[in-house]
Amino acid sequence: MNNQHLRFTKGKFTVTTDPAFFQLEAIHDYLSQSSWAPGIDAETVRISIQNSLCFALLDGTRQIGFTRLVTDYATFGYLCDVYVLNDYQKSGLGRWLIECCHAHPVMSRLRRIMLVTDSAPWLYQKLGYNPLNRPDFVWQINRPDIYRKPGQKLDYFSESNDKC
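It should be emphasised that the depicted structure is a prediction, and the values quoted were computed from it without experimental measurement.

Visitor: Report on the overall build of the chain, specifying residues and quantitative values.
Guide: Across its full length, the chain carries five helices and six strands. Shown N-terminal to C-terminal, the secondary structure of the chain runs as helices and strands in the order β-β-α-α-β-β-β-α-α-β-α. At a minimum sequence separation of 6, the contacts of the chain that also span at least 24 residues come to 55%. Carbon and sulfur atoms make up 51% of the accessible area of the chain, which totals about 10900 Å². Charged side chains of the chain number 18 positive and 16 negative; the gap between the two group centres comes to 6 Å.

Visitor: I'd like to hear about the confidence of the model for the chain, residue by residue, with values.
Guide: Residues of the chain with pLDDT of at least 70 account for 90%, and the chain-wide mean is 89. Scored below 50 in pLDDT, residues 156–164 makes seven contacts in the model with residues more than four places away or belonging to other chains.

Visitor: Could you give an account of the packing of aromatic side chains, naming the residues involved and the relevant values?
Guide: Under the counting rule described, the total for this entry stands at six aromatic pairs. Seen in terms of ring centroids, Phe-22 and Phe-66 are 6.2 Å apart; in terms of plane orientation they differ by 85 degrees. Their pairing is edge-to-face. Taken together, the residues span a long stretch of sequence, with Phe-22 in the loop between strand 2 (13–16) and helix 1 (24–32) and Phe-66 in strand 4 (residues 62–71) at a distance of 44 residues. Assigned by exposure class, Phe-22 and Phe-66 land together as buried.

So, how was this worked out
Residues numbered from 1 in each chain as written. Predicted model: local features only at pLDDT ≥ 70, side-chain atom pairs only at ≥ 80, totals over all residues. Heavy atoms only, no water. Helix = DSSP H or I, 4+ residues; strand = E, 2+ residues; numbered from the N terminus. Contact = heavy atoms within 4.5 Å. Areas by Shrake-Rupley, 256 points an atom, 1.4 Å probe, with all protein chains shown as cover. Lys, Arg positive; Asp, Glu negative; His and termini not counted. Charge placed at Lys NZ, Arg CZ, Asp CG, Glu CD. pLDDT = per-residue confidence, 0-100. Phe/Tyr/Trp six-rings, centres within 6.5 Å; stacked < 30°, edge-to-face > 60°. Buried < 20%, exposed > 50% of the residue type's maximum accessible area, 1.4 Å probe, protein only.

Given below as structure tokens:
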């Protein structure tokens, strides 16, 4: 693994892989309220960042977006925890953040890059991602409530959700 950090600029905005610029509290605040990691604790976020290739999106010194590539640095990468704060959406920054990820030298050598999302499929398709809608091809163990404390209710769960 190369410890050289990359930095991309676009006007007042910066994307960086330098952990010195990652604002753990801001990342945790967003992820803990997200639909994919509700209730995640700060220590789990810290460990996930420590063990991934991460990209922070900054407006000056304020962190306004983030993405994380879980990778073996040789053949496979899983792009996850992608976000841009609501006030900055629809300005092209989400696309630019992913383009910066794709510009990282590690990405050029990966045979497979995966992403799981239920938002902005049009964006990811423009950036080269294709849906995997092949039966019996992608398998998972999914535990969406792993970070919930017993008895904790989260807004995005509806009464009609059936849990097996």
